[in-house]
Every structure is written in C-alpha cells, then in structure tokens.
4 protein chains.
Amino acid sequence: MLEEKYLLMLPGPTPVPPPVALAQAMPMMNHRGEAFTALFREITAGLQRVFRTRQPVLVLPGSGTGGFETALQNFVAPGEKVLAVVTGAFGDRWAKGARALGYEVERLDVEWGRAADPGELRERLAAGRDRPIRAVLLTHNETSTGVTNPIRELAQVAREHGALVMVDSVSGLGALPIEMDEWGLDVVLTGAQKALMCPPGLTLLAASPRAWEASDRNPGPRFYFDLRPYRDGYEKASLPYTPALALLYALRESLRLIEREGLEAAWARHRLLGRMTRAGVRAMGLELLVRDDRFASDSVTAVKAPPGLSPSAIRRTARERFGVILAGGQGPLSETVFRIGHLGYVVPGDVVQALAAVEGALALHGLPVELGRAAAAAEAVWLDALREQAPAPART
Amino acid sequence: MLEEKYLLMLPGPTPVPPPVALAQAMPMMNHRGEAFTALFREITAGLQRVFRTRQPVLVLPGSGTGGFETALQNFVAPGEKVLAVVTGAFGDRWAKGARALGYEVERLDVEWGRAADPGELRERLAAGRDRPIRAVLLTHNETSTGVTNPIRELAQVAREHGALVMVDSVSGLGALPIEMDEWGLDVVLTGAQKALMCPPGLTLLAASPRAWEASDRNPGPRFYFDLRPYRDGYEKASLPYTPALALLYALRESLRLIEREGLEAAWARHRLLGRMTRAGVRAMGLELLVRDDRFASDSVTAVKAPPGLSPSAIRRTARERFGVILAGGQGPLSETVFRIGHLGYVVPGDVVQALAAVEGALALHGLPVELGRAAAAAEAVWLDALREQAPAPART
Amino acid sequence: MLEEKYLLMLPGPTPVPPPVALAQAMPMMNHRGEAFTALFREITAGLQRVFRTRQPVLVLPGSGTGGFETALQNFVAPGEKVLAVVTGAFGDRWAKGARALGYEVERLDVEWGRAADPGELRERLAAGRDRPIRAVLLTHNETSTGVTNPIRELAQVAREHGALVMVDSVSGLGALPIEMDEWGLDVVLTGAQKALMCPPGLTLLAASPRAWEASDRNPGPRFYFDLRPYRDGYEKASLPYTPALALLYALRESLRLIEREGLEAAWARHRLLGRMTRAGVRAMGLELLVRDDRFASDSVTAVKAPPGLSPSAIRRTARERFGVILAGGQGPLSETVFRIGHLGYVVPGDVVQALAAVEGALALHGLPVELGRAAAAAEAVWLDALREQAPAPART
Amino acid sequence: MLEEKYLLMLPGPTPVPPPVALAQAMPMMNHRGEAFTALFREITAGLQRVFRTRQPVLVLPGSGTGGFETALQNFVAPGEKVLAVVTGAFGDRWAKGARALGYEVERLDVEWGRAADPGELRERLAAGRDRPIRAVLLTHNETSTGVTNPIRELAQVAREHGALVMVDSVSGLGALPIEMDEWGLDVVLTGAQKALMCPPGLTLLAASPRAWEASDRNPGPRFYFDLRPYRDGYEKASLPYTPALALLYALRESLRLIEREGLEAAWARHRLLGRMTRAGVRAMGLELLVRDDRFASDSVTAVKAPPGLSPSAIRRTARERFGVILAGGQGPLSETVFRIGHLGYVVPGDVVQALAAVEGALALHGLPVELGRAAAAAEAVWLDALREQAPAPART
C-alpha cells in the first residue's frame, strides 16, 4: 500500500518543507568567503527574531543533548552546583548529564505529566544550603510528557535567587511563545529539527550577557565546544571550524518560510494543532497524560494506551496499516503512552489524518470505537478557529 | 496558516513522490550515448508492464490532447471516418479535435455522468452507412465526470465491426485495470502526470500491429509527430529528437515505485480510494454525479454542489481555509460539480483529509453538517479493506 | 575513474545549473490557480527580454523540431510556397519537414560550413516565379556546422520581398545577439535546453503581428498545436492544456540567472567561449569547418578530424579516458567532423578542460601533439578579454 | 561572468556529487524504525570497507576537531600524558586542544612542509621520562602543508612503545591508502566532507579493541560525547541521540559511489591528481612547500607565492576572474602559501582547469608566464597514467 508515503507525526525529526529539503543540494562554498558571510548574517538575523533576543544566536553541530552539555560546560564552572527541575525524560537527562559531567546536582522532581510549580521552585531555592545554586536547568516543553512548563514564572523565581536560567526549548522554540530577552532567560537552546523544520544536525543556542560573563570567568577545560570563539567571530561571520553548510542552507530557507508565515501565526497554528489533537484524543475515549490543559503542550501530545492494548501495538498498526508514524513513550512511560508530534511543518489536516489512524488502529485491534468521533471533535475546534479568523465566506 | 503546504487532490497534475521529483535534478546526459540506452530500456520495459502489452510504448512530448491528435494523424488517414463515443468533456474534445483536423466524425453522445453502453455502440455501428468507420474513439476514464467506461466490452464491439479501437486512458492507466493486449485495444495513450506520478510533459502511447499497419498505409502529411521513426528506433533506443531527459529520469523512478508496490496492489489502492471517497461524500449528504456505482471512477469523483452553494465557493474555501486543492467542473458541469482527484501518489489518509476539508467548507458556509460523518464513512470502508487484507494485529 | 563525473560539451542538452535543476523538484500546483499566474507572468516577462520583443512568447511542449512544424502549420497556409535557406542539417530538416507537411518548398542551398549570403537570397527572391513565396525559413545558428548566419541582413531582404521571416534560433537565442523586434523577425523559436540552460522539453516561440494575421487567415486544420488559444489566453495566464510544470519551474530559475548575469554579459561570455575554442583548436593544428571567422558560431564549433583518425574515435577517447562528452557530425559530416558545444551554463575554464581532452585524445591516438598548446592559445584569448574588462588586479 | 558557476578546489568542503547532494532532500524518517536500521547497516558496512577495519565505525555530529576532542576524552584519561607529533596547523591544533582539555602534552615538532620521521619518534619515546606516554597523536595528511606522514611506520614505533596510536586522517581517508587494522592504528577519524564527498557535518571514528579497553577504564566525565553508548548500540543500529539523517542519506550515496569506483581506483585517481598538480605547479616556475615528493600529499598541495605577489591576491584573482576557489595558507604560512585541494569528487580535468586559473592569475598580475606550460605538464602526467592503464585506443 505505497509504503513509501507516510505521515511523520513525531516530536522530531519533523517533516521538512520541500524548499528547505532542496536547499541542501546546492553546491558547497568556501566557508571563509563572502557568500558565506551573507548566508551567516541572514541566518543569525532570522534566529534572533525567533529567539526574541538581541544576543548572538550560535549555530552548533549536534543534537539538543550536545547543546545542553555544551551550555553547561561553558556557563557553569566545574563542580559548581545546579538545580535541575525535572518534569520528564529530558529534564532527567539534563540532571544525569550534569552529574556525569561532575557538577553537583540538586533535583526538583515533578510528577511526569505535571508542570513545574514556581512556588515550589521558590521554596526549594529559599531553603538554606551550604553552596549557592549557580544555575537552574529548565525544560520549556518536556517532549516526553507533552507538558509546557511556565517558563516565564519559573525564570523570574530563579533570577530573583541570582541563578542563571538555562532553558531547553528543543521542542518548544518556534512552535510555542518564548521571549528570551523579555523573560530574562540566560541560556536558551533548541534544535533545528523540531519547529524550525530542518533535518537534524544543528543546535542553536543564545546566551545573555550575564551568562557570557560567567563563561569568561569559567576556568573549566574546553576546546572544540568552547563557545567564546563562536561569539567572538559572530560579527565577522567567522566560525572556528567548518560548519554544516548544507544544513545552514536548509535553515536559511526554513527561516524565510517562518518569516512568510509570521512567528505569531506559527504559534497560533501550533495552538490550534494542540487543541485539535487533544479534542480528538478525548473524543475517542482515550486519556491524555497531561490532565491540566493549561500546561498541555501544543507541539506534542502524550496519550495513554487503553487497558489491554500496548502503546507499541497501536503505533505499529498506525504505521503498517494506516501509514502514520507516531512516537513511543520514554523511560517509565514506555509501556503506557504513545505520543503524537504536531510541530513544525504540520497543518490541521495532518492532525485529522493522524487521529483517523489512531481511531482506525483502535478499531482494528477490536476496541469498541465509534468511527468519526475523533475527526468530528478535531474539525469542530478547527472550525471555531477559522470562524474567529475571518467572517464566513461568500457562497458564490 | 502555512499556505505553502497544501494537499493536491486534482485529477492532474497529481502529487509527485520525492524520489521521482528529485530524479529530475540529475545531470543531463548525451541522449545518443550508452547511459541513455539503459535509461530508455528500463523505462520502456516498465511501461510495457503497466500497459500490459508486448508492443512498443512510445514516450512523446506534450500532454494527453497532443497525444490524441498524434494518434489520429498517424493511425487514421486524412478525411476518413471515425466514431467518437462521448461521455464527457474529454470525449467531446476528441470529437471536436478530430473534426478540426479534417476527419469525418460521427458522435455517440451519452448523458454526462453515465457510461457508454456496448449495446448502443453495436447498434450504431450496425446502422448501415455510406462510409466505413475506421476507428472508434473511446475514453477509458472520463476525467470530467468520473465515469469509467466498460472498455473491454466496448472494444470487443468495435473490433467485431472491424474498426480500430483507440483508447484515451489518460486518467485511467496505472490506477484502473486495463489490459491492452488481452482486450484487443489498438491504440492506448496516457499522460505521465496522472497515475504514473510524474510531473506533466510526457504522453505515452502504444499501438497494436493492426494500428501500425494502418499507419504505414496512411498517406497523410506528418513530420515531427510521425510515429514511425519512434517505432523504428525503438529497439536501438534511438529517438528522432531530443527527449525530455529530466522527465525520463522521473518516469524511471516512478516505474520503479510502481514495481515495488505492484501494479495490482496499485489498482486495489485506487479501488479503496474511490470507495472511501464516495462513501464519505454520500455521508455528508452530497450527491455524486455518477449514480451507478459500477461505473464510478476510482481515480476521480465528481460531486454535485448542494443547492445555494456554488462549487467554486466550496473549492475556494477548501483551498484557502483548509489547504486542500480540488478541481472544478468542466464545460456544462462547471456551475454544478466539483471534483476530487484521488489518483497517483495518494493514500487513504489523504482522502480522509480531503473529505474533512469538504465537510469543513460546507460547515463554514453555514450548511447544516454533522461533523465527522464523512470521516466515519471513509474509515469504515478503509477498515473493511484492511480486515480483508490481513488478520487483526496482535495487541502487544 | 569516477565515470559519473563528466563534462557535457554538447550543443544540447547542455549542463543545467543547480538551482534550475532543483526547482523541478518543487511540488506540483494547480495550473489553473493564482500561483500559476505568477509563475507564468514571471516567465513570459523574462522570455520577452531575452527574445527582445514586445510580443507574447509562447511556451510549448516538445523540442525545436516540433516547434518549427507548429510554426509552419500556424503561420503558413497548406500548400503555400516557402523558401528554405539551407546551410546545414537543421536547415535541411526544415526544408524536408515543410515538404513532408505538404508545402511547396524551394531551397537555397549553401555549402555546409558557409553562411547564407543576403545578396544571393535577394537574387533568388527576385527571380520571377509563378507563385509568391510566403515565408523564408532561416537558421540563426546552424548547429550542425557551427555557422551563425547574418540574420539581420537576411531578414531585411526577405521582408523587402514581403515574405514572413521565420527563424530557427534553437542554438542561438540566449547565447548570440538576436533582436526580434528591431530586426523585423516574424517568427522566432528556440528550445529551453540550449542557451537557456533548462532540461529539454520546452519550445519557446514568438510571432509578430504580421505573422499572427497570417495565422488568423490560415484555414489549415490544427487542434492541439493551434497557437491561437495560447495567444488568446496569454494575458490571463490561461493555457489550453496542462503545461510541463516542472520545466516551467526550471525555466523561471534560469531566466533569473540570466537576469543576474545580464543578457549582454551572457552574449559576451559566449563570444569569449567561441574565440577560446577556435584558438585552441587551431593551436592543436586541427582545421575548423567554418573558414570565415565572421560567421563562426560562438555556441558550437565543428572541428575536422585529422587524416587517419575518425571523429568518433576522438569522441570515444575524449569521453572514456578524459571524461568530456563531445558531439558527432551530422549527416554528410558524420565521418569528418566532431563538434564542441559551448553554450548555456559553460564557463571559460570548461573550454580549457575540453581542449585538454581533445589534445590528450589526439596524443593517446599517437598523433604528434605538442601538449599544452591548446590551453596556451585559449588562455591567451581569455587573458585579453579579462584585461579589457578591468585593470590589472592589485598584488597584495 | 556567470559568477554562480565556480570550481571548488579546497581541501574541504569539497564538491558534492549530484546523487549525494540530492539524497539529502529525501523525507525524514523515524530514527528508531526499521528503515533506519537498513540505512545504518549499509553505511557502517561501507565505512568499515573504507577504513579497512573490522571494528565499528561510529558516525558522530561535528567536524574533525570535534571528533579529535571526543577521541581524546574517551580514549585517554584526564591528566594523562600524550605525545603530539606536530607537522603543521592541524597537528598544532591537536596539541593545543589536548592541553586545553587538561592533558599533559609533549610535542614532537617537525618543520612545516616536512614529514615526521619514525626514527625521531622512536628516540623521543625512548628518552626516559617520569610519566608514560599513553597516546601518540598523529596526522595522516597534514592539510595545512600538504604533507602525508608515513603513518604505517610511525604507528609501528608508537605501538612498540605501548602507546595508543591516534590518527587524524581527516583529509586522507578515502583519498590516500590507510589500513587501520593491518597497520595497527588504535583510533582513526575522518570527516565526511573531504574525500568522502559529503557536505560537512559528520565525523567518522573507529577504535581498536585496545582503545575501547582504555575507554572502559577511563573515569573521566563525559556524557553526550561518551562513545560507549554508540558502540553498545552499534549492533542494533541504535543511536543514543537523533542523528543528522539528511547527512546519513548523503553518506549512503557517497559510499555507493566509492563502491562503484572501487577504493583502490579512488586512491589511484588521487595519486594522479596529486602528481598532475605538482607537475603543473613546477612547470609554472612556482615552488612547492613540500620538497620531498615521497611525502607530498595527493589530496592537497601547498604552493609558495612568487616574490612580490601575495597568496591572497592570487586566490582573489583566481576566484573573481577565473572562477576557481583556492585555499589560503594557515597560521605562519598565511602570507606565503596558497593551497590547491584535489580530493573527493575531483577529476583530472578539474586540475587542468585549476592550473590554468593559477597560470592566468600570475599572468594577469604581470608575472612573466609562458602560457600553457602548466597544462602541458599536467597533461603529460595524465597521458602517462592513461597509457599504463590501457593500450592505445583504436583509430576508428
């Protein structure tokens, strides 16, 4: 059944728009020449717009985890203490990674599926400790649970305490509102393969002046991942090492696409995608992992598999029979949830198609499903949004 | 709302699979060299398999209409008489084109939305006439109405009469069963931009030995569109003029894709797409132009707009608000029907998405629509097909 | 030896620039929608600039030969008389094609390798004849011999006589100066796969008001290749049949590239390529087919093979051992000449490389060759041109 | 002058073959699914063939420098002592990087332009020291000087001493013979953007069992760049983090291309490219940085600028006037040499073209140049090679 055509509904990698994909095939250039300077300048200006910052946005090789490790090594001195706010598998990964790298790590663990509470963070920071907490590690959008944490409020608490605010917005930035400068975030990082619609391979990272000062004071050993040469060469579009040119070509195109749609319009689109997904899931009688809709992510949704049916069976059936690729649960959630990614180059019709695949999979597995309910619920949300956007169209 | 992403549900051009699209970007070659011979041989072997013929399949520049004109000029001598069986806009185009080219044209007109009747054809051919009918012009799949004519039976009648059977299968071949040799079809032509999943620009044409004999006897003037040099150079992969190389690269890839899916599997897929579409349309309370399901096309469906709402308004809303491109009605149907193309690189999930767009458009135009009914009906058909294909999947 | 990398030095198909090649892979669109209108308008505006005309430039499927047949059928009524000026294989093809299509054809044959002489044309036209000559068929750049005919002067003579001036500029337009309106050319046609740097598959054709009047009076049968619907739909970007969309995407990009280089700059580049090629060929001791440099083509050069060595052996060795694809001779020249194409996406360095391949092939075949002489001669011409363009560069 | 077409003669990034470039544009997939397993297995099998090893070859994000840092952190414990053999800028970079990362670094400095001497290495290692040298850092092909070090002999010396042999073969592997297992190399790393013909962004690294044992004993902190999860997931095609999928698609294609050419054939081709380049440079009267041809690199050549003319002026003129991109000198060589890269998707004709550009640039700068001498010398080398490969071709 034309297996080569499938709908990719992962929280990453996400579908790549044709002009972005094709841009990669353009000829290589000298990354020390003038054409590269133009490329670099267009990309960094576009990134500053989507990061909502006036600070340099660095383009680094690797995935988000590499970016986070790099951020720690540059902005926190060896052995210093950090507080990791853990709301899921990625928060957990940062905490463990920080420990593996030799930092003293304190954890604020939140039940998976719930958002971090700023009041709780304040209490924890206020509790007298022997050593100061240098940085608070936050996850903007916890990809494993589909929770969007209240970053603005959490950041304010952390800053009041004097700690650096380091934010993993890998599956958030570009899809969900984030205001680096206005919210006082010190380090923000994301991956190009999520809402920015590029193939995987690039991490994007920006830091506040406060963070750069910490970096300059930091005596820790670093070489390839020393961010200072990137910062110092930023104005002259001079990179210390050969960049991933083809991916930069792609990123230039995806930033142009974001510019054409409008960043706020992209946020609104993701809001709609999230609401349609949740409405459709509930209409099928399935349970969402995130109970409080205020913190439900608009870029990825975790769904509990119904009793007696494993999430991997649903995913396999959705893929093999219905051509829709869904993500599994991570860590302790691997036996209980599957995830629908709806970020990046995704439109409402894709959500309808994905929900139909889930509904069909449930039916094929013999569950009592009233067909069409997921689509009905998703369409209803879609229509509401369309009615708000513009008056009813003419009938002729 | 990310206008650059849309779902193309036209009866042509149809979506192009990524490997087919990308193949076009490969470097040009000498069309008189060895690499070209390999390309040509792979393509013609693949085409013979999808045409179900042992005869040469010629690859010509241009769209289907050009192919039909070429076929007439080669296989029917100037001024001879042909019978055009007209079941819609394309049948009408062939009749008018044949007249414009100087042939004597008799028409067998069938109400648009109905299929041609072999008995009626027999009567017409039997009616004593002054001049013999040299060729019967048939439309396999009438794109304007969504009717699939009973080509096998019609061809048998025409052959009994001694006329050449010339079949336009532009929107049929590759999607719907056709057996050129077994059914005794003398000329079959199609376009690469329909079920063969290529960009527009190529016409494909095969002729029976009987047709080639007629061509050899035909004294009519022809030069660029003289098919004999194509036939004569076929074995040596020698073409009289520079071929559209990039499109040939694309065609090679699409034929490989068809080979991987299997031609019969592709037919079954289109059968499913057609049934899902019709079920969904009916579930919305809309009327199909084709009342007799036996002749309803599995590659394109014509739908009547509901009273008080123009088909162009539905199409505009589907496109601008829901991102789905539908086709309009042609000729006398332009004010009453719109068409959903579901051929080529299309999967069942696309149909669900397209139906949701139509349903949403109706609702946005204020019609009383029960959301989700189209999806429910289409999913039900889909599930039936999946249950027939394989047993229920395991639950773990 | 990395056989997949080769240098294509044919007079067509020519190398396709990466952005042009990649544009073909963009998604298909509705050719009746707004996006298509924008595409069509950009292309036709660009074509009018390269044709140097205010008349519509039509984009048709097929290769140059198809375009010429179409031009005849539209602009010359059946059975009328035309004068074909034959300076090589393509002129001969037009003459024979016109005859095959039923026209009365008078030929003015010129020795292959020489240009047509306006005085001779005047004499021939002046010679009293029974029937008027309706059209003079001219070849701008005779691809088979590498002769550029003095079109401006020939056209003036033809117009004085009252005949339509129909010009095949398939391998000329875009590479060599041509001024359709200023020179009073009635029909100009070219192919996109030559100097316009696209893959093969499109013919481009423009006609003067005088030609259109002749078309409107022409009672000859035509349908698919009736140009009037193209002309009538031009303003509204409405085409009678599905166009070759992917090739139109390519053409838009190639016209942008021409715009960036500048048309006059492209002419100057081809002038340089032609001069370098001829200088290099002569330096190797080989003989050019065209003796009079005033008429030597700047887009293709025909070279006589040295005694005792067949042109096909040179070509095979150049291809298999040196990775350079050269063209063979056509018709009566097939045993005596090979041809070097240097039009379209070709730069001076390519000519140096091609000459080195020819030089190397001669040496490998055992001819007494002083290596480096071809490069020396070509470089000398190149340096002269560079010195004229700009002062000597700074040494630091 | 068609500025968008240029010849890239850098030692990286190198030109990307069309099928490799286009592969990047294929749709993203789930990197935890079956299709990914097939992709990963094909790539790793191909890499083992070009590394000449039975050990796993890991595919990591980033450029060569990142790969070297990763190698150090994994295979050498913090604070241990390494001996860096420095023959140019890259050897210097490794030495400095190792020091920045906290290792004790001893340097064996060799004059830039000369190769390291195994005897000298033996002496240095034999000199009694307080702490054992755990690893010897070698540069296979020193990109900054165009020196190919005698890795086999140097490695033998290092192994006799008991040190790990860590080899940077960034600009060597794929172009120059290297036999990881047979020569007893413990760590070999390269970048995909050099002889492997991919866009930049991937580092490839293999390690011997001895090295893996060192890694397992190494208590040093590491997380994202901990290679053990890569090794442990190798058999199951399981990667710890999202890989750069589009670059993996590219790498699969380039490995197929290498397979078609044959690795030994690719080595022979680079040997020819190197010899042609050196012959051409000398014929122009320019001086090579590397005096001893036994150690002259066949992938990159450093050329001394003539007195009174800066290397950057030559490069600028070659680029702006002749369309050839050359590399500058690095570090202390930046004012005295320029470099010609001739590795990866490069053929002999490209070298002829590059040499003509240099020759032309010298002439344009007013130097007394006898045009054509570079081409003559390069062609002579080429002809010798062709004559060795096959008998003289037939003359007909």
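The residue count restarts for each chain, going from 1 along the sequence in the order it is written. Each chain is given a letter, starting from A, and each ligand a number, starting from 1, according to the order in which they appear as written. At least 70 in pLDDT is required for a residue's local features to be given in this predicted model, at least 80 for side-chain atom pairs to be given and counted, and no such filter applies to totals for whole chains, interfaces and linings, which use all residues. Computation of side-chain values: all heavy atoms of the structure, hydrogens and water removed.

K.L.:
What is the right way to look at the sheet that holds strand 3 (residues 81-86) of chain B in this model?
P.N.:
Residues and elements named next belong to chain B. Should DSSP find at least two bridges between two strands, the strands are taken to pair. Under the DSSP-based scheme used, a helix requires at least four consecutive residues in state H or I and a strand at least two consecutive residues in state E, with every element numbered from the N terminus. The strand order across the open sheet formed by 7 strands is 2-10-9-8-5-3-4, and the pairing between neighbours is mixed. Where the open sheet ends on each side, the last strands, each with one partner, are strand 2 (57-61) and strand 4 (104-109). Each neighbouring strand pair of the sheet contributes to a mean axis angle of 20 degrees, computed without reference to strand direction. When strand 3 meets strand 5 (residues 133-139), the two strands line up parallel, connected through 4 bridges. When the sheet's bridge partners are listed, L83 is paired in strand 5 with V136. Axis definition: a line fit to C-alpha positions, over the contact stretch in the case of helices; interaxial angles, taken between N-to-C directions, run 0 to 180 degrees.

K.L.:
Would you mind going over the packing of aromatic side chains with me for this structure?
P.N.:
Think of a pair of aromatic rings as described by two things: how far the centres are apart, and how the planes are tilted against each other in angle. Stacked, edge-to-face and tilted labels apply to pairs of Phe, Tyr and Trp rings (six-membered ring for Trp) whose centres lie within 6.5 Å, assigned for plane angles under 30 degrees, over 60, and everything in between, in that order. Evaluation of the coordinates by the stated rule reveals 30 aromatic pairs over all chains. A ring pair is formed by F75 of chain D and W212 of chain D, whose centres lie 5.4 Å apart and whose planes are at 75 degrees; its orientation type is edge-to-face. One end of the pair, F75 of chain D, is in helix 3 (residues 64-75); the other, W212 of chain D, is in helix 7 (residues 209-217), with 137 residues separating them in the sequence. W212 of chain D shares its class with F75 of chain D; the two are buried. A ring pair is formed by Y224 of chain D and F225 of chain D, whose centres lie 4.5 Å apart and whose planes are at 85 degrees; its orientation type is edge-to-face. In this structure an aromatic cluster arises from ring pairing among Y224, F225 and Y241 of chain A together with Y224, F225 and Y241 of chain D. Accessible area is worked out with a 1.4 Å probe on protein chains only. A residue is then buried under 20% of its type maximum, exposed over 50%, and partly exposed in between.

K.L.:
Whenever I open this one, the interface of chain D and chain B confuses me. Can you help?
P.N.:
When the parts come together, some accessible area is lost, and that loss is often what is quoted as the size of the interface. Residues count as neighbours in contact if any of their non-hydrogen atoms are within 4.5 Å of one another. Contacts between the two partners involve 6 residues from chain D and, on the opposite side, 6 residues from chain B. Here's the idea: put two parts together, see how much 1.4 Å probe accessible area each one loses, and the total over both is what we call buried area. Summing the contributions of chain D and of chain B, the shared interface buries around 500 Å²; its carbon and sulfur component is 95%. Per-residue buried area on chain D facing chain B is highest for P18, L22 and M26 of chain D; these three make up 72% of the total on that side. Between Lys or Arg on one side and Asp or Glu on the other, a salt bridge is scored when a side-chain nitrogen of the former is within 4 Å of a carboxyl oxygen of the latter. Inspection of the chain D/chain B interface yields 0 salt bridges. Pairing of N or O atoms within 3.5 Å defines a polar contact, subject to two protein rules: one partner must be a possible hydrogen donor and the other a possible acceptor, and residues neighboring in sequence count only if both atoms are side-chain atoms. For the interface between chain D and chain B, the tally reads 0 residue pairs in polar contact (both at pLDDT 80 or more). Per-class residue counts for the side of chain D that touches chain B are 6 nonpolar, no polar and no charged. Nonpolar residues are Ala, Val, Leu, Ile, Met, Phe, Trp, Tyr, Cys and Pro. Charged residues are Asp, Glu, Lys and Arg, and all others, Gly as well, are polar.

K.L.:
Sorry, what's going on with the UniProt feature "binding site: substrate" (unreviewed entry) in chain A here?
P.N.:
All names here are of chain A. UniProt positions are given in the numbering used here, feature names are shortened, and annotations may be inferred rather than shown by experiment. As annotated in UniProt, the feature "binding site: substrate" (unreviewed entry) corresponds to R339 in the numbering used here. By secondary structure assignment, the location of R339 is in strand 15 (residues 337-341). A residue is classified by how much of its surface remains accessible, and R339, at 6% relative accessible area, is buried. Excluding anything up to four places from it in sequence, R339 contacts M9, P11, T143, S144, V300, T301, A302, L326, A327, G328, G329 and Q330. In terms of polar contacts, R339 uses its side chain to reach the backbone carbonyl oxygen of G328, at 2.7 Å.

K.L.:
Please explain the sheet that holds strand 12 (residues 300-304) of chain C as it appears in this structure.
P.N.:
The strands that make up a sheet are held in pairs by hydrogen bonds between backbone atoms, and each pair lies either parallel or antiparallel. Residues and elements named next belong to chain C. Reading across from one edge, 11-12-15-14 is the order of the 4 strands in this open sheet, with antiparallel pairing throughout. Each edge of the open sheet is held by one strand with a lone partner, namely strand 11 (287-288) and strand 14 (327-328). Bridge count between strand 11 and strand 12: 2 bridges; the pairing is antiparallel. In the strand pairing of strand 12, E287 is matched with K304.

K.L.:
What is the right way to look at the domain arrangement of chain A in this model?
P.N.:
All names here are of chain A. Per the domain assignment, the segments of chain A are domain 1 (7-13 + 262-389) and domain 2 (18-260). Between domain 1 and domain 2, the C-alpha centre-to-centre distance is 27 Å. Contacts between the two partners involve 26 residues from domain 1 and, on the opposite side, 32 residues from domain 2. Across the domain 1 to domain 2 interface the summed buried area is about 2300 Å²; carbon plus sulfur atoms make up 63%. Domains are outlined according to an automatic or database domain assignment.

K.L.:
Explain the nonpolar core to me, please; I cannot follow it from the model alone.
P.N.:
If you look at soluble globular proteins, the nonpolar side chains tend to sit buried side by side. Here, the term nonpolar core denotes a set of buried Ala, Val, Leu, Ile, Met, Phe, Trp, Tyr and Cys residues that are joined through side-chain atoms within 4.5 Å. Within the largest apolar cluster, 420 residues are counted, with the highest numbers of intra-cluster contacts made by L47 of chain A, L47 of chain B, L47 of chain C together with L47 of chain D. Ignoring sequence-local partners within four residues, the contact set of L47 of chain D consists of V57, V59, L196, L204, L251 and L255 of chain D.

K.L.:
Mind showing me how you'd approach the pattern of salt bridges here?
P.N.:
In a structure, side chains of opposite charge can pair up when their charged atoms sit close to one another. Counted according to the given criterion, the structure contains 128 salt bridges over all chains. Of the charged contacts, one joins R260 of chain B and E4 of chain A as a salt bridge, the two residues approaching to 2.6 Å between their closest N and O atoms. With one member in each of two chains, R260 of chain B in helix 9 (residues 245-261) and E4 of chain A in the segment before strand 1 (7-8) form a pair that bridges those chains. Between E259 of chain B and R49 of chain B there is a salt bridge, with the nearest N and O atoms lying 3.1 Å from each other. Taken together, the residues span a long stretch of sequence, with E259 of chain B in helix 9 and R49 of chain B in helix 2 (residues 34-51) at a distance of 210 residues. On the basis of relative accessibility, which here comes to 44%, the residue R49 of chain B falls in the partly exposed class. Among the charged side chains, a salt-bridge network with shared partners connects K81, E104, E106, R124, D130 and R131 of chain A.

K.L.:
I keep staring at the side chain of S144 of chain D and nothing clicks. Help me out?
P.N.:
All names here are of chain D. Structurally, the position occupied by S144 is in the loop between strand 6 (141-142) and strand 7 (147-148). The exposure class assigned to S144 is buried, which follows from its relative accessible area of 0%. Among the polar contacts made by the side chain of S144, one reaches the main-chain amide nitrogen of A89 at a distance of 2.9 Å. A polar contact is formed between the side chain of S144 and the side chain of E142, at a distance of 2.5 Å. With residues up to four places along the chain from it excluded, the contact list for S144 reads G88, A89, F90, W112, A302, Q330, L333 and R339.

K.L.:
Honestly, the UniProt feature "modified residue: N6-(pyridoxal phosphate)lysine" (unreviewed entry) in chain A in this entry has me stumped. Any pointers?
P.N.:
Taken from the UniProt record, the annotation "modified residue: N6-(pyridoxal phosphate)lysine" (unreviewed entry) applies to K194 of chain A. Within the secondary structure, K194 of chain A is located in the loop between strand 9 (187-191) and strand 10 (202-207).

K.L.:
In this structure, what is going on with helix 5 (residues 118-126) of chain B? I would like to understand it.
P.N.:
Helical geometry: 3.6 residues make up each α-helical turn, so side chains three or four residues apart lie on a common side. All names here are of chain B. P118, L121 and L125 are the residues of helix 5 that are buried. Projection of helix 5 onto a plane perpendicular to its axis shows the buried side chains occupying an angular sector of 55 degrees, all on one side. The exposed residues of helix 5 that point more than 90 degrees off its buried face are E123 and A126. Of all possible arcs, the one meant is that of the directions from the helix axis to the C-beta atoms.

K.L.:
Got a minute to help me understand the interface of chain A and chain B in this structure?
P.N.:
The interface of chain A with chain B comprises 54 residues on the first partner and 54 residues on the second. Summing the contributions of chain A and of chain B, the shared interface buries around 4900 Å²; its carbon and sulfur component is 60%. On the surface where chain A and chain B come into contact, there are 4 salt bridges. One can count 23 residue pairs in polar contact (both at pLDDT 80 or more) joining chain A with chain B. Of all elements in the fold, only helix 9 (245-261), helix 10 (263-283), helix 11 (311-320), helix 12 (348-364) and helix 13 (373-389) of chain A reach the threshold of two or more residues within the side of chain A that touches chain B. Sort the elements by how many residues they give to the side of chain A that touches chain B and helix 12 of chain A lands first, with 10 residues. Classifying every residue of the side of chain A that touches chain B by side-chain character gives 29 nonpolar, 13 polar and 12 charged.

K.L.:
Hey, could you run me through the relation of the copies chain D and chain B in this one?
P.N.:
Relating one copy of the chain to the other requires a rotation about an axis plus a shift along that axis. The transform that puts chain D on chain B rotates by 180 degrees and translates by 0.0 Å along the axis, for an RMSD of 0.0 Å. The transformation relating the two chain copies, once decomposed into turn and shift, fits a two-fold axis. Among all residues of chain D, the minimum C-alpha distance to the rotation axis is found for L22 of chain D, at 3.2 Å. Both copies share a contact surface, since 100% of the interface residues of chain D are interface residues in chain B too. Least-squares superposition of the copies uses the C-alpha atoms of those residues scoring a pLDDT of at least 70 in each of them.

K.L.:
Looking at this model, I keep getting lost on the pairing of strand 8 (residues 164-168) of chain D. Mind explaining?
P.N.:
As a general feature of sheets, a regular strand has side chains that alternate between the two faces. Residue and element names in this part refer to chain D. Within strand 8, 5 of the 5 residues are buried, which leaves the element mostly enclosed by the surrounding structure. The two faces of strand 8 match: L164, M166 and D168 on one face and V165 and V167 on the other face are all buried. Bridging between strand 5 (residues 133-139) and strand 8 involves 5 bridges; their strand directions are parallel. Looking at the pairing, L138 lines up with V167 of strand 8. Summarising the sheet, strand 8 and strand 9 (residues 187-191) pair through 3 bridges and their orientation is parallel.

K.L.:
Is there a simple way to explain the relation of the copies chain A and chain B in this structure?
P.N.:
When chain A is brought onto chain B, the operation consists of a screw motion whose angular component is 180 degrees and whose axial shift is 0.0 Å, with 0.0 Å RMSD remaining. Of the interface residues in chain A, 100% have counterparts in chain B that sit at the interface too, so the contact is made through matching surfaces.

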